[in-house]
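The residues making up each chain are set out below.
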Amino acid sequence: MASSSSSYVNGNRNCHGDNPQVKRAKWVVPSSRMAKNTHNPIRQIVDNMKIEPNPEKKMIALSIGDPTVFGNLEPPREIEEAVIDCIHTRKYNGYAPSIGYESARAAIAKYYTCPEAPLEAKDVIFGSGCSGALDLCISVLANPGQNILVPRPGFSLYKTLAESIGVEIRHYNLLPERGWEIDLDHLQSLVNEDTAAIVVNNPSNPCGSVFTKEHIQDILQVAERLRMPIVADEIYADMVFSGHSFHFMASLTTEVPILSCGGIAKRYIVPGWRLGWVLINDRHGAFEAEVRTGLQRLSQRILGPNTLIQAAMPRILEDTPQSFYEEIMAHVQVRRADTLLAFFSSSSYARIPHVAIALLNLQ
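We now turn to the structure provided with this report. (Residues numbered from 1 in each chain as written. Predicted model: local features only at pLDDT ≥ 70, side-chain atom pairs only at ≥ 80, totals over all residues. Heavy atoms only, no water.)

1. Regarding the packing of aromatic side chains
Okay, so step 1: Using the criterion set out here, one finds eight aromatic pairs in the structure.
Okay, so step 2: Considering the side-chain rings of Phe 155 and Tyr 158, the 5.7 Å spacing of their centres and the 85 degrees angle between planes classify their relative orientation as edge-to-face.
Okay, so step 3: Tyr 158 sits in the buried class, given a relative accessible area of 1%.
Okay, so step 4: Aromatic side chains Phe 324 and Tyr 325 sit 5.8 Å apart centroid to centroid with 65 degrees between the ring planes, which places their arrangement in the edge-to-face category.
Okay, so step 5: Linked through ring pairs, Tyr 111, Tyr 112, Phe 246, Phe 248 and Trp 277 together constitute an aromatic cluster.
Okay, so step 6: Seen from the ring of Tyr 325, Arg 267 lies directly overhead, with NZ or CZ sitting 3.8 Å from the centre. (Phe/Tyr/Trp six-rings, centres within 6.5 Å; stacked < 30°, edge-to-face > 60°. Buried < 20%, exposed > 50% of the residue type's maximum accessible area, 1.4 Å probe, protein only. Lys NZ or Arg CZ within 6 Å of the ring centre and 35° of its normal.)

Structure representation (structure tokens):
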């Protein structure tokens, strides 16, 4: 009777059974399914772009969201000094706890807590930037074969993170004629028994919109009715132009469990410092049994956040003057107006009625 035994080499069936002497004609080492499923279109373009610009033309840079590229935006000196002081103490050169130093997590909790959504140090999990925080959230909530709902247009990383672990992406529409609000009817039509979470990005990347309080409440009503947790990508929190207000989603509900993702990359002009966080806004213990423990376990896979930046966080939050935030947003708002005027005024777009009205409003 022929033996049913067989062997696998590098994931491929070895047709020669268990004979260790048989060799392949050449080396063929396959990659994992996760690697094959991982594709980041933004990084793919930026990391591999080798183009010599035309020396006779001024380059129009349509780049990634890195506020440091052109050197016209700089972080406050106070946070640089905070990090330098932490280096000089020589106390933070070792490993930190997987979820982050408690002193740093307590500082974040104190800064973002509010009566409607109270936070403690135990409610803060650090990740390698806001992207790392999003990765933790998607990984802790969704299993292979399930799906999550994400905005369209939206940040491509949601798809990168989800599909790499076998989670399906379902895009709900944003409505440009309504200031890029969520089409809630469309969103609800996408939900099935395999839907694990809704990702909400506010302020929006790439649309630049900021949801009103009323629209956020409408989103929360839908999530509450569906009993669906929310992953709130709020990396641009409080970065809004004059005349607009930002509201944290968790501050507007006492029912919907929310994992809020943030970080220091954008507001402090330091994306390379790679410090982000998940704020666990639990409701009725929905996250208590498994999600809290799951986030801690996932954070133990790789110790990501830089210890020096963690140690400096209390001073970063305390010492940054309010004038810095105001000056940065004023500068960005002026540059936005100048850029739009220069582009649209010299193009056929200026002949479109609603664009012409927008131009008048900018002047």
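From this point on, the discussion continues.
2. A short note on the side chain of Arg 267
Okay, so step 1: For Arg 267, the location among the structural elements is in the loop between strand S9 (258-263) and strand S10 (276-281).
Okay, so step 2: Although Arg 267 is buried, it forms no salt bridge, and the closest oppositely charged side chain is Asp 238 at an N-O distance of 4.2 Å.
Okay, so step 3: There is a polar contact of 3.2 Å between the side chain of Arg 267 and the side chain of Tyr 111.
Okay, so step 4: Arg 267 has contacts with Tyr 111, Ala 237, Asp 238, Met 239, Phe 324 and Tyr 325, leaving out every residue within four places of it along the chain. (Helix = DSSP H or I, 4+ residues; strand = E, 2+ residues; numbered from the N terminus. Lys, Arg positive; Asp, Glu negative; His and termini not counted. Salt bridge = Lys/Arg side-chain N within 4 Å of Asp/Glu carboxyl O. Polar contact = N/O pair within 3.5 Å; in protein donor to acceptor, adjacent residues only side chain to side chain. Contact = heavy atoms within 4.5 Å.)

3. Things to note about unusual backbone geometry
Okay, so step 1: Backbone torsion omega between Asn 202 and Pro 203 reads -10 degrees, so that peptide bond is classified as cis.
Okay, so step 2: Of note, Pro 203 is situated in the loop between strand S7 (195-201) and helix H8 (213-226).
Okay, so step 3: For the bond running from Asn 205 to Pro 206, omega is 25 degrees, close enough to zero to count as cis.
Okay, so step 4: For Pro 206, the location among the structural elements is in the loop between S7 and H8.

4. Structural notes on the pairing of S10
Okay, so step 1: The element S10 is extensively covered by neighbouring structure, given that six of its six residues are classed as buried.
Okay, so step 2: Both faces of S10 are covered, namely the face carrying Gly 276, Val 278 and Ile 280 and the face carrying Trp 277, Leu 279 and Asn 281.
Okay, so step 3: The pairing of S9 with S10 spans six bridges and is classified as antiparallel. Pairing of Ile 258 across the sheet is with Asn 281, part of S10. (Pairing = 2+ DSSP bridges.)

5. Thoughts on the side chain of Asn 201
Okay, so step 1: Checked against the element boundaries, Asn 201 lands in strand S7.
Okay, so step 2: A polar contact of 2.8 Å, which involves the side chain of Asn 201, links it to the backbone nitrogen of Asn 205.
Okay, so step 3: Once you skip the residues sitting within four places of it in the chain, Asn 201 turns out to touch Pro 151, Tyr 158, Phe 211 and Asp 233.

6. Focus: the sheet that holds S10
Okay, so step 1: Strand order in the open sheet formed by eight strands is S3-S10-S9-S8-S7-S4-S5-S6, and the pairing between neighbours is mixed. Every interior strand has two partners, whereas the edge strands, strand S3 (124-127) and strand S6 (181-182), have only one.
Okay, so step 2: Packing of helix H4 (residues 102-112) onto the sheet brings it into contact with S3 and S10, and relative to S3 it is tilted by some 115 degrees. (Axes fitted to C-alpha atoms, helices over the stretch in contact; angles between N-to-C directions.)

7. Some words on the nonpolar core
Okay, so step 1: In this structure, Ile 108, Ile 264, Tyr 268, Trp 277 and Met 313 are the most contacted members of the largest nonpolar core, which totals 32 residues.
Okay, so step 2: Elements with a contribution of two residues or more to this core: helix H3 (77-89), H4, S3, S10, helix H10 (307-319) and helix H11 (322-345).
Okay, so step 3: The element that contributes the greatest number of residues to this core is H10, accounting for seven residues.
Okay, so step 4: Other than its neighbours up to four places away in sequence, Met 313 contacts Ala 104, Ile 108, Ile 264, Leu 275 and Trp 277.
Okay, so step 5: Within the second largest apolar cluster, 31 residues are counted, among which are Ile 99, Ile 125, Val 199 and Val 291. (Core = buried A, V, L, I, M, F, W, Y, C linked by side-chain atoms within 4.5 Å.)

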